[in-house]
Amino acid sequence: MIGGGFMLFMASSCKHEGIPADQFPEVCFQTEVLPIFQNSCGTTGCHSSGGGHGYNFTDYSGIMKAITAGNADKSKAYQAITSTFQLMPPNNALPIDKRTTIRLWIEQGAKETTCGSTGSAVTTKSGTLWACYDRDIQPILMSSCAVSGCHNATTHKDGVDFSSYAKTLERIKPGNPGTSPLYNSITAKQNSDNFMPPAPYSPLSKAAIDTIYSWIKRGGLNEECASPCDTTGAINYTSHIQSIIELDCVSCHGANNPSGGIKLLTASDVQTVAKSGKLLGALNRKSGYKAMPPDYALSTCDVRQVELWINQGYN
Ligand code: HEC
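Throughout what follows, the structure given in this document is the object of discussion. As the structure is a prediction and not an experimental result, all values here were calculated from the model. All residue numbers here refer to positions counted from 1 along the written sequence of the relevant chain. Residues qualify for local features only when their pLDDT is at least 70, as the model is predicted, and side-chain atom pairs are given and counted only at 80 or more; totals for whole chains, interfaces and linings, by contrast, use all residues. To obtain the side-chain values, all non-hydrogen atoms of the structure were included, while hydrogens and water were left out.

### Regarding the nonpolar core
Here is a general trend for soluble globular proteins: nonpolar side chains tend to be buried in one another's company.
Item 1. The nonpolar core is taken to be a set of buried Ala, Val, Leu, Ile, Met, Phe, Trp, Tyr and Cys residues, with the residues joined through side-chain atoms within 4.5 Å. Buried means the residue's accessible area, taken with a 1.4 Å probe over protein chains only, is under 20% of the maximum for its type, while exposed means over 50%, and partly exposed covers the values in between. Counting 22 residues, the largest nonpolar core has F29, F37, I63, I67, I102, W105 and I106 as the members making the most contacts within it.
Item 2. Helix and strand definitions follow DSSP, with helices as H or I runs of at least four residues and strands as E runs of at least two, each counted in order from the N terminus. Of all the elements in the fold, those that place two or more residues in this core are α2 (29–40), α3 (60–64), α4 (76–82) and α5 (96–107).
Item 3. The element best represented in this core is α2, accounting for 5 residues.
Item 4. Residue contacts follow a heavy-atom distance rule, with two residues in contact if any of their heavy atoms lie within 4.5 Å. Once residues within four sequence positions are removed from consideration, I67 is found in contact with S75, A77, W105, I106 and A110.

Take a look at the structure:
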């Protein structure tokens, strides 16, 4: 569970900061997309080869029945994996890297691309790794480049500033590490003029360099790595729901003068509101209900947990 303002950002973090999908390395259907569908959707009892629940997600032609090539937002399969209402897979949201892979693949035309054993856009020099700006890149840049006297917002030595995503974007060519000044400087010959960080700072580790490589290669997105939403197993109030309510609701629905006359302090308070149908209506921002919280939507994962808590009988 993460704080509210952050959620708002997460909810919109699938966008590609204006970089068109065709500028990304081509996503390989065979090795990148098909396994996600097969393992997460096409399993027995779900959308398997018999066409369970109207869909067969075990091969290309079956998958294409739920895809509008070139438009992820219009694709039923993409809508389902990003829905806050009828999320698929029902018990476990796909992590953001998989959702983004599917989105990119659709926007690149949803072709039945095959590739060699190494041909994968997510493959990095040192293996497969999905690097996200906030988790993987920003900390490296903050600790090694955007330091005082160097490339922070105040000093921006030589006009170079690595203190924000927007500024960092000026130093990379999305999709192409080899022509990205950032990557070139950290891989230049040590002690050459171009080499960064200069002595007495330590050179970046190989892992850090590879991480930056893969991030640029994959488009240099401003994305967050959402931790996979774990909605497996029993959902209960104290371990899953309470923190959501405390962080996102109690400021207005607390003991004193609760908004709308709705108090959300205890499990039984929340249960009462849930039974009226208003809780899910409000969280899912459905028409006929006041969208709650008013200023931002809860993450898909949080809403799903509340849904499961209700379905499982308010434990
Ligand atoms: C910034 C203040 C604020 C926050 C935060 C907030 N609410 Fe509300 N909530 C309100 C107000 C104000 C109303 C009354 C709206 C009205 O009737 O116009 C309301 C009404 C509601 C209602 C009734 C909705 C309906 O359609 O009748 C529910 C249910 C609700 N809130 C749940 C929540 C939940 C759950 C959270 C946390 C996830 C939350 N609220 C967070 C201010 C807030």
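### Describing the site of the ligand
Item 1. Note on definitions. A residue lies near a molecule or strand when any single heavy atom of the residue is within 4 Å of it. Around the ligand sit 19 residues in total, of which C249, C252, H253, K290 and M292 are the nearest.
Item 2. Within the side chain of H253, one N or O atom sits 2.7 Å away from a nitrogen atom of the ligand.
Item 3. Secondary structure elements with two or more residues in the shell around the ligand: α11 (250–253) and α13 (278–283).
Item 4. No other element matches the 4 residues that α13 contributes to the shell around the ligand.
Item 5. Side-chain classes follow a simple rule in which Ala, Val, Leu, Ile, Met, Phe, Trp, Tyr, Cys and Pro form the nonpolar group, Asp, Glu, Lys and Arg form the charged group, and the remainder, Gly included, forms the polar group. Of the residues in the shell around the ligand, the class split is 12 nonpolar, 4 polar and 3 charged. Pairing of N or O atoms within 3.5 Å defines a polar contact, subject to two protein rules: one partner must be a possible hydrogen donor and the other a possible acceptor, and residues neighboring in sequence count only if both atoms are side-chain atoms.

### Description of the packing of aromatic side chains
Item 1. Each Phe, Tyr or Trp ring (for Trp, its six-membered ring) is paired with any other whose centre lies within 6.5 Å, and the angle between the two planes then decides the class: stacked below 30 degrees, edge-to-face above 60, tilted in between. Considering all chains together, one arrives at 9 aromatic pairs under this definition.
Item 2. A centroid spacing of 5.1 Å and a plane angle of 85° characterise the contact between F29 and Y60, whose relative ring orientation is edge-to-face. One end of the pair, F29, is in helix α2; the other, Y60, is in helix α3, with 31 residues separating them in the sequence. The exposure classification of F29 matches that of Y60, with both residues buried.

### With respect to helix α10 (residues 237–248)
Item 1. Here α10 has its buried residues at Y237, H240, I241, I244, I245 and D248. Taken end-on, α10 shows its buried residues confined to a sector of 115°, consistent with a single buried face. The reported arc concerns the directions from the helix axis to the C-beta atoms and nothing else.

### Regarding helix α12 (residues 267–275)
Residue pairs spaced three or four apart in an α-helix point in one direction, given the helix's 3.6 residues per turn.
Item 1. Considered for burial, the residues of α12 that qualify are D269, V270, V273 and A274. For α12, the arc enclosing every buried residue in end-on projection is 135°, short of the 170-degree limit, so these residues lie on one face. Among the exposed residues of α12, those pointing more than 90 degrees away from its buried face are T272 and K275.
Item 2. Here the buried face of α12 lies against α10, α13 and α14 (300–311).
Item 3. Count one or two residues on from α12 and you reach G277, which has phi positive near 85°.

### Re the packing of α10 against α14
Item 1. Only C-alpha atoms enter the line fits that serve as axes; for helices the fit covers just the stretch in contact. Angles between N-to-C directions range over 0 to 180 degrees. Where α10 contacts α14, the axes come no closer than 10 Å and their chain directions differ by 130°. Classified by the angle between their axes, α10 and α14 sit oblique to one another. When you trace α10 past α14, the crossing you get is left-handed. Contact with α10, carried on its side by Y237, H240, I241 and I244, involves D302, Q305, V306 and W309 of α14 and no other residues of that element. Oblique is the label for any angle not covered by the other classes, which are roughly parallel (under 35 degrees), roughly antiparallel (over 145) and roughly perpendicular (65 to 115). Two helices cross in a left-handed way if the nearer one is turned anticlockwise from the farther one by less than a right angle. They cross in a right-handed way if the turn is clockwise.

### Regarding the coordination of the iron atom of the ligand
Item 1. The iron atom of the ligand binds to the protein through H253 (NE2) and M292 (SD), with metal-donor distances spanning 2.0 to 2.1 Å.
Item 2. Note that water is not among the atoms used; donors are N, O and S atoms within 2.8 Å of the metal (3.2 Å for Na, K and Ca), so sites may look incomplete. Tetrahedral means four donors with every angle between 85 and 135 degrees, whereas square planar (four donors) and octahedral (six donors) require angles over 155 degrees between opposite donors and between 65 and 115 for all others; sites fitting neither are termed irregular. Bound by 6 donor atoms, the iron atom of the ligand shows angles of 87 to 179° at the metal and therefore octahedral coordination geometry. With a gap of 39 residues between them, H253 in helix α11 and M292 in the loop between α13 and α14 connect regions that are remote in the sequence.

### Digging into the environment of S49
Item 1. Positionally, S49 belongs in the loop between α2 and α3.
Item 2. Here S49 falls in the exposed class, since its relative accessible area comes to 60%.
Item 3. Residues S49 and G62, 13 residues apart in the sequence, show an inter-C-alpha distance of 8.5 Å.
Item 4. Every residue in contact with S49, bar those within four places of it in the chain, is listed here: N56 and T58.

### Concerning unusual backbone geometry
Note: most residues except glycine have negative phi, and most peptide bonds are trans.
Item 1. Across the junction of A199 and P200, the peptide omega takes the value 5°, indicating a cis bond.
Item 2. Its location among the elements puts P200 in the loop between α8 (181–187) and α9 (206–217).
Item 3. Put simply, M292 and P293 share a cis peptide bond, and its omega is -15°.
Item 4. The backbone phi angle of H156 is positive, close to 25°, even though this residue is not glycine.
Item 5. Looking at the element boundaries, H156 is found in the loop between α6 (133–144) and α7 (165–169).
Item 6. Within the chain, N191 stands out as a residue other than glycine whose phi angle is a positive 70°.
Item 7. One can find N191 in the loop between α8 and α9.

### Some points on the environment of I67
Item 1. Note on placement: I67 falls in the loop between α3 and α4.
Item 2. Since its relative accessible area comes to 10%, I67 is described here as buried.
Item 3. Taking the C-alpha atoms as reference points, I67 and G109, separated by 42 residues in sequence, lie 9.8 Å from one another.

### What about the side chain of S180?
Item 1. Mapped onto the elements of the fold, S180 is located in the loop between α7 and α8.
Item 2. If we ignore the near neighbours within four places in the chain, the residues touching S180 are R171, I172, K173 and I216.

Distances and angles like these do not, on their own, reveal function.
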